Amino acid sequence: MTAYGLLVSPSHNRVYAQAAAGLVKAELAVFSERALGGRVRDIQETAIGGVPYVTFSADGLAEQDVRLLSNLSSLYALFQIVEDDLLRPVALRPLDLFGSDLLTIQKYAGKTNEYFTKLLLNVTAMAAESPMDLVTGRPRVLDPLCGRGTTLNQAMMYGLDAAGIDIDGKDFDAYAAFIKTWLKNNRVKHQAEVANIRREKAVLGRRLHVTLGASKERYKGGETMEITVVNADSLDAGKFFRPGSFDLIVTDAPYGVQHGSRPKGGQPGRKGKGNLSRSPVELLTAAVPEWVRLLRPGGAIGISWNTFVGRREELADVLASNGLDVQDSDAYRGFRHRVDQAITRDLITARKP
């Protein structure tokens, strides 16, 4: 058995920094259970030279295994621990194709922490039938409540095709402006256009479609990725995307604090008059059947939410009633953490048989 020490990335968010070590321990446990055959053990927090590390032991980590571990959400550096607590650096090989400003430069109220967004995408990928596809394949990602695109940017960072849908026109415009400006400023070869979506002369919504390459050479050679965002109701997702066209569905549900999940007396997920419900459960009850149709067999869905406005058992029932296998091992129950006084966040994942 070889001992390892993981140095956690410093976070600008003080509250998230306090939770980061516990979250990466849970993430590492999921990686071990789903993709590494249980070979990662003894996961704990340990002080080395007065500095806190997440330590673990593992036997026979192959190059591909290290590639996977290189993408742990809060990983700053990885070391092999040798005698007398000497640390030998392990060369990392993350999937990242672009600079970190793609994830960090946007600042706005209600933005999901980018470390947590990465964690949610990672853990959802681990719930899929083929978890190592995260590093050996190219899973296609959908965020059906994408807001200003944090999930889409993380997927783009990994080199994945991604799509999003959101009903808020201001968020749609803000993301379109951001991504076009970012691609231009970073001299990334791309094409981007916004157009109305029409059916039988009626306008159903707007679509942003971006085609880009990680390098000029890849772009010219046709090795591109696509980002698509639709400004429309998530309950109508099936009007814009084909059934079975996504491997991963990843979303951060409304927290019921700054915004609610639906108008009272109205249809969940749609704009309307009246007070807003604080529970995401009603939104998900209406939306998950539509989302599941877009998921390929063997694909996975991951949802984070505020536990103050929805119980885990309620969300599990919604997912199970739509034919999904909820992932409920001890490893998947280690992600609950405080965001602020009104929000304690957790996540839940499920696989489509």
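Here the structure is a predicted model, which is why all the values come from computation and not from measurement. (Residues numbered from 1 in each chain as written. Predicted model: local features only at pLDDT ≥ 70, side-chain atom pairs only at ≥ 80, totals over all residues. Heavy atoms only, no water.)

**Quick notes on the layout of surface pockets**
There is about 260 Å³ of room inside the second largest pocket. Lining the second largest pocket are 15 residues, with L97, R138, Y158, G159 and R218 positioned closest to its centre. In the lining of the second largest pocket, the residues fall into 8 nonpolar, 3 polar and 4 charged. (1 Å grid on protein atoms, 1.4 Å probe; cavity = no way out; pocket = protein on both sides within 12 Å on 5 of 7 lines; lining within 4 Å. Points joined across faces, edges and corners; volume = space filled by probe spheres on them. Nonpolar A, V, L, I, M, F, W, Y, C, P; charged D, E, K, R; others polar.)

**Considerations on the sheet that holds strand β4 (residues 75-82)**
Read from one edge of the open sheet, 5 strands run β2-β3-β1-β4-β5, paired in antiparallel fashion. The open sheet has two edge strands with one neighbour each: β2 (40-48) and β5 (86-89). Ignoring strand direction, the axes of neighbouring strands in this sheet form an average angle of 35°. Sheet topology places β4 next to β5; 4 bridges connect them, and they run antiparallel. Counterpart to Q80 in the pairing with β5 is R88. On the sheet, helix α1 (residues 14-35) packs against β1 (2-8), β2 and β3 (51-58) and is oriented at approximately 160° with respect to β2. (Pairing = 2+ DSSP bridges. Helix = DSSP H or I, 4+ residues; strand = E, 2+ residues; numbered from the N terminus. Axes fitted to C-alpha atoms, helices over the stretch in contact; angles between N-to-C directions. Contact = heavy atoms within 4.5 Å.)

**Quick notes on the side chain of S73**
By secondary structure assignment, the location of S73 is in the loop between α2 (63-69) and β4. Here E27 takes part through its side chain, which lies 2.7 Å from a polar atom of the side chain of S73. (Polar contact = N/O pair within 3.5 Å; in protein donor to acceptor, adjacent residues only side chain to side chain.)

**Some points on the packing of α1 against helix α4 (residues 114-127)**
It is at 10 Å that the axes of α1 and α4 come closest, and there the two elements cross at 15°. With respect to α4, the element α1 is oriented roughly parallel. Judged by the twist between their axes, the crossing of α1 over α4 is left-handed. Across the interface between the two elements, Y16, L23, E27, V30, F31, R34 and A35 of α1 pack against Y115, F116, L119, N122, V123, M126 and A127 of α4. (Parallel < 35°, antiparallel > 145°, perpendicular 65-115°, else oblique. Left-handed = near helix turned anticlockwise from the far one by under 90°.)

**Points about the side chain of D161**
Position of D161 among the secondary structure elements: in the loop between α6 (150-157) and β7 (162-166). Here R138 takes part through its side chain, which lies 3.1 Å from a polar atom of the side chain of D161. There is a polar contact of 2.8 Å between the side chain of D161 and the backbone nitrogen of E226. For D161, the residues in contact, after removing those within four places along its chain, are R138, P139, R140, V141, T224, M225 and E226.

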